[in-house]
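# Architecture and fold: a report
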Amino acid sequence: MTTPRQPSGSGSGSGRRQPPRAGAARPAAGRAQPAKGQPAKGQSARGQSGKVPPAKAQPPKAQPAKAQPARAQSAKAQPARSASVGRTPRAPQQRRPEGRPPARSQAAVRPRPKSRLPQRPKALRLAEPKRRLRVITVALSLVFSVFAGRLVQLQLVDADALAADANNNRYQNIPITAERGSITSSDGVALAATVDAYDITADPAMFTPEATGIPDAPEQAAALLSPIIGVSKEKIAADLHTPKTRYKRLAAQQTPAAKSQISDLKAGLEKKAGSRACQAQKKLLGKPADQGGRTRVDNECANPLAGVFNRDTQKRIYPAEGLAANLVGFVNGEGEGAGGLELQYQKQLAGKDGHSSYAQAGGRLVPTAGGSMDPAVPGNDIKLTINRDIQWAAQRAITDQVANSGAEKGYVVVQDVKTGQVIAMASAPGFNPNDLSLAKQSQMGNPALVDAYEPGSTAKLMSLAAVLDSGKANWDTKVTVPYPLVRAGQEFKDDVWHNTWYLTLAGVLAKSSNIGTIEAVETLGDGDQLKANQILDGYLRKFGVAQPTGLKFPGEASGMLKKPEDLVASEKYNISFGQGPMQMNALQATSVYSTIANGGVRVAPSIVQGITGPDGKYTPTPPGEQTRVVSEQTAKTLTSMLESVVDDEQGTGGKAAIPGYRVAGKTGTANRGAADGKGYDGYTASFIGFAPADAPRYTVSCTLQGPVNGHFGGQLCGPVFKQVMEFTLKTMQVPPSGSQAPNLPVEWKP
């Protein structure tokens, strides 16, 4: 008797569903399960004698996913078992013939349920641990190698360069200008001095839109600074549009008043920019627009002068204004010597600049960040031989006479005959070095040293010195002076027409006869003019003609003197009275007379008395080199002959006489060489003399170039000599002469 089939899922002897036992596998949802008491596929029921035919395969009934939540979750939670456990046995399928598609039942085309049971996850195949460890180790090694290489580059290879770049961005390097040394007169009064001034500087990197919050900071700063420092807006703005340059000097040597005005203006702008409203605007810079961000701040909140600074420096001033300006010289806009002694002694006066560096943030000093300083070394102070009072008298006298005579220019030189020191060197017209904008280029030199001119009759002293010192004549040698004198096919004349003169050699000098001088020099060669010129040339050069004075003044002219062998035609004779193939500067001409006044010994001229170093140590200038030119007796004789030029009624230098003092001197009237070097144009008027003649102390020379109101040296320069020499003798407290002049005869009767 067969047991009837029970519905799947029913418990034996009860209509209620029994809960599954713990650990038992639940059948998959939606799958048919065999009824209790029925054997599984391929098995026989125990206790039955016959075989049960296989059950007909029934298609599973689709059940909603919600109907079996417990089972679905349980299926996920249970571990996988063998494929035969818990599954409904399938009916054997009939093999389809080859080449025919399988038959599709009606159940096969039914849609699958939306809810599927989760598939059992595939088992992962783990990699070999050692291999994975090796790969990770290699990767980490590469990463750390890159880091290590970068650290080596930063800390060792590029450390210095990176540190320098960082310092450049953080530290401001400021040069410190050394204080320029002063130039003083012999009594220590400043002719050129240095006072405090300020350079207005800027850091262009602080004028970018990112730094200021405004796009036109350079233009705004230029508009504020231009009226104060006197520099165009365009130039200032151009300097500030260089953000890669951390230092720009906008203006040099500004006054304390200008510095204070800029500082006050900067402080006011900074106060406005520091308000709460402005600070709030700055915080919004660079933020997105939806967060209230801004691309710039209002002009009222910007400080375009935040990157403007001032640096302590010096300004060159000349307290005496134009006094000795042609000698002292001037400096350029950079504070460097550009003319005169300022240029000649630039290295000594300038000293050695230093520098300092300090950390800054936002244009403000960071005191705790440290810095460095290399202090500047001040320049040397130069003390001149110039007497300020005598310089003033000489300058006033020559300035007045240049104006009165209508001359192009003029100069006066005063020299100590014993030491060779230049006591005064004045030129007219002059200039004021405090304001070079008012000076002409032609006025800014020192013509007393730069001009080389034909001296004319003042050179006759050297010719007669050669004759006397060679023993060819004496002061009372008789000379017959015809008019004119023909030599080498040329007529030679004196400055005035005359009948034949019968003069002593002293008379030739007193009356300044060109013809008499030619005749006297001819005696040097005993009829051989070349020999005579060779002897004369030797004396001229010993007197300093065409030789450097030793001052090494910028642009100084050494003059010119042709060799005797190169003289042609009239030059062989012109040279004896200071025309033609010879040229001198005013100091050279003055030194000739100082040589005679010093007993025939030439002392090299000097103009610097001494130098004081930055340590306060004073070093005097060594005495000038001395050279014997003529004998003492020759010098004494020439002195007496020169006195006749001033004292004798027939002398040409009467206007140079000074009451109470014996004066020895000589007038000069020369044709002036044309500017183009071709021929002559105008005159050079001069007078050179020394006093007291019985005990010489000082030599004074006066030279006028191109006078139009007269041209004779005695008339134009004689009064200037008298004015300057008289002032000098009184200033230096030189006692009057204690004897009378010898009054040597100037004529003889045939």
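Every value quoted in this text rests on a predicted model; they were computed, and no experiment measured them.

## Some thoughts on the overall build of the protein
Summing up its helical and strand segments, the protein has 22 helices and 26 strands in all. Residues counted as buried form 42% of the 750 residues belonging to the protein. Nonlocal contacts in the protein, meaning residues at least 24 apart in sequence, comprise 72% of its contacts between residues at least 6 apart. Surface accessibility of the protein: about 41,300 Å² in total, with carbon and sulfur atoms responsible for 52%.

## A short note on the pattern of salt bridges
Proximity of charged atoms lets side chains of opposite charge pair with each other. For the structure on display, the rule yields 16 salt bridges. For Lys562, the salt bridge goes to Glu571, with nearest N and O atoms at 3.1 Å. Taking the shortest distance from any N to any O, the salt bridge between Glu643 and Arg662 comes out at 2.8 Å. A residue pair is termed long-range when its members are at least 10 positions apart, and Glu643 in helix H20 (residues 632-647) and Arg662 in the loop between H20 and strand S24 (664-673) qualify at 19 residues. The class of Glu643 is buried, set by a relative accessible area of 2%. Its relative accessible area of 13% is what places Arg662 among the buried residues. Several salt bridges converge on common partners, so that one network encompasses Asp199, Arg249, Arg311 and Glu334.

## Remarks on the nonpolar core
Of all hydrophobic cores here, the largest spans 91 residues; its most connected members are Leu384, Met462 and Met641. Core analysis: the second largest hydrophobic core is formed by 32 residues, Ile398, Val402, Val646 and Val720 among them.

## A closer look at the sheet that holds S24
The strand order across the open sheet built from five strands is S13-S12-S26-S25-S24, with neighbouring strands paired in antiparallel fashion. Strands at the two margins of the open sheet, each flanked by one partner only, are strand S13 (422-428) and S24. In this sheet, neighbouring strand axes are inclined to one another by 10 degrees on average, regardless of whether the strands run parallel or antiparallel. Bridge count between strand S12 (residues 409-416) and S13: six bridges; the pairing is antiparallel. Directly across from Val414, in S13, lies its bridge partner Ala424.

## Quick look at a nonpolar patch on the surface
Together, Ile136, Leu140, Val143, Phe144, Val146 and Phe147 make up an exposed nonpolar region whose accessible area comes to about 590 Å². Its location among the elements puts Phe144 in helix H2 (residues 129-157).

## A few points about the pairing of strand S3 (residues 190-202)
Taken across its 13 residues, S3 has ten buried, putting it largely inside the fold. Strand direction decides the pairing type here: strand S2 (residues 183-184) and S3, joined by two bridges, are antiparallel. Bridged to Ile183 within S3 is Ala192. As defined by bridge partners, S3 adjoins strand S5 (residues 308-317) across ten bridges and the pair is classed as antiparallel. By the bridge assignment, Thr201 is partnered in S5 with Phe309. Sheet topology places S3 next to strand S4 (residues 248-254); four bridges connect them, and they run antiparallel. Residue pairing for S4: Thr201 is matched across the bridge by Arg249.

Definitions and cut-offs
- Residues numbered from 1 in each chain as written.
- Predicted model: local features only at pLDDT ≥ 70, side-chain atom pairs only at ≥ 80, totals over all residues.
- Heavy atoms only, no water.
- Helix = DSSP H or I, 4+ residues; strand = E, 2+ residues; numbered from the N terminus.
- Buried < 20%, exposed > 50% of the residue type's maximum accessible area, 1.4 Å probe, protein only.
- Contact = heavy atoms within 4.5 Å.
- Areas by Shrake-Rupley, 256 points an atom, 1.4 Å probe, with all protein chains shown as cover.
- Salt bridge = Lys/Arg side-chain N within 4 Å of Asp/Glu carboxyl O.
- Core = buried A, V, L, I, M, F, W, Y, C linked by side-chain atoms within 4.5 Å.
- Pairing = 2+ DSSP bridges.
- Axes fitted to C-alpha atoms, helices over the stretch in contact; angles between N-to-C directions.
- Patch = residues over 30% accessible without salt bridge, like charges linked within 9 Å, V, L, I, M, F, W, Y side chains within 5 Å.

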